[in-house]
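# Fold and geometry: a report
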Amino acid sequence: QVQLVESGGGSVQPGGSLRVSCATSGSIASIFAMGWYRQAPGKQRELVARIFSDSSTTYAGSVKGRFTISRDNAKNTVYLQMNSLKPEDTAVYYCSANLREVGRTSSNNYWGQGTQVTVSS
């Protein structure tokens, strides 16, 4: 069974930095994309950043230049380095992966349980 486990959230002052990690485990044949989404109270979940199997990346406009997504293929782990954090970055951050399990012919999307990031003075 595939599991995504996030870590590294917490509280930080505006202008500070945090790094969140997401480790994927299970019978994984291929990972096509991994990403981070976030959901603030009263708002819809939104894409923050994604990284694809060819290492290409996409970012939400609100985080471009401040956040960096990276991936360790050997560990099936994705990271999100968040710099110059703002109060509006406060949200629960969710990891996602589009992957194919061993023995299956198609891919599915999987989600982690989420980790809280709070930016406040």
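The model shown is predicted, which means the values in this text are computed figures rather than measured ones. (Residues numbered from 1 in each chain as written. Predicted model: local features only at pLDDT ≥ 70, side-chain atom pairs only at ≥ 80, totals over all residues. Heavy atoms only, no water.)

Within the protein chain one finds zero helices and 11 strands. When the helices and strands of the protein chain are placed in sequence order, the string is β-β-β-β-β-β-β-β-β-β-β. The C-alpha atoms of the protein chain give a radius of gyration of 14 Å, which matches the 14 Å a tight globule of 121 residues would have. Expressed as lengths along the three principal axes of its C-alpha atoms, the size of the protein chain is roughly 50 × 25 × 25 Å. (Helix = DSSP H or I, 4+ residues; strand = E, 2+ residues; numbered from the N terminus. Rg over C-alpha atoms; globule rule 2.2 N^0.38 Å.)

With that settled, the discussion passes to the state of the cysteines. Scanning the entire structure with this criterion turns up one disulfide. Through a disulfide, Cys22 is tied to Cys95; the S-S separation comes to 2.1 Å. Between Cys22 and Cys95, the S-S dihedral sits near -80°, and the bridge is therefore left-handed. On the criterion of sequence distance, the pair formed by Cys22 in strand S3 (residues 18–25) and Cys95 in strand S9 (residues 91–101) is long-range, its members being 73 residues apart. Each member of the pair Cys22 and Cys95 is classed as buried. (Disulfide = S-S within 2.5 Å. Buried < 20%, exposed > 50% of the residue type's maximum accessible area, 1.4 Å probe, protein only.)

Moving on: the sheet that holds strand S1 (residues 3–7). The antiparallel open sheet is built from four strands, whose spatial order is S1-S3-S8-S7. Among the strands making up the open sheet, the edge pair consists of S1 and strand S7 (67–72). The mean inter-strand angle of the sheet, taken between neighbouring strand axes irrespective of direction, is 15°. Alignment of S1 against S3, held across five bridges, turns out to be antiparallel. (Pairing = 2+ DSSP bridges. Axes fitted to C-alpha atoms, helices over the stretch in contact; angles between N-to-C directions.)

This part is about the nonpolar core. Nonpolar side chains in soluble globular proteins generally cluster together in the buried interior. Ranked by size, the top nonpolar core spans 30 residues in total, and within it Trp36, Leu80, Met82 and Tyr93 carry the most contacts. Sorting the residues of this core by element identifies S3, strand S4 (28–39), strand S5 (46–52), S7, strand S8 (77–82), S9 and strand S11 (115–119) as the ones contributing at least two each. For this core, the leading source of residues is S9, giving five residues. Apart from the residues lying within four places of it in its own chain, the contact partners of Leu80 are Leu18, Arg19, Val20, Trp36, Val48, Ala49, Phe67, Thr68, Ile69 and Tyr93. (Core = buried A, V, L, I, M, F, W, Y, C linked by side-chain atoms within 4.5 Å. Contact = heavy atoms within 4.5 Å.)

Right, let's talk about the pattern of salt bridges for a bit. Per the stated rule, a full pass over the model turns up four salt bridges. Taking the shortest distance from any N to any O, the salt bridge between Glu46 and Arg38 comes out at 2.7 Å. Glu101 is the salt-bridge partner of Arg104, the closest N and O atoms lying 3.5 Å from each other. (Salt bridge = Lys/Arg side-chain N within 4 Å of Asp/Glu carboxyl O.)

The pairing of S9 with strand S10 (residues 108–111) spans four bridges and is antiparallel. Looking at the pairing, Ala97 lines up with Tyr110 of S10. In this antiparallel pair of consecutive strands, S9 and S10, the connection spans six residues, and Gly103 shows a positive phi of 90°.

Moving on to unusual backbone geometry. Unlike most non-glycine residues, Ser55 shows phi in positive territory, near 75°. For Ser55, the location among the structural elements is in the loop between S5 and strand S6 (57–59). In this structure Ser55 comes out as exposed when scored by relative accessible area, which is 52%. The backbone phi angle of Asn76 is positive, close to 50°, even though this residue is not glycine. Along the chain, Asn76 falls in the loop between S7 and S8. On the basis of relative accessibility, which here comes to 25%, the residue Asn76 falls in the partly exposed class.

By themselves, these figures tell us nothing about what the structure is for.
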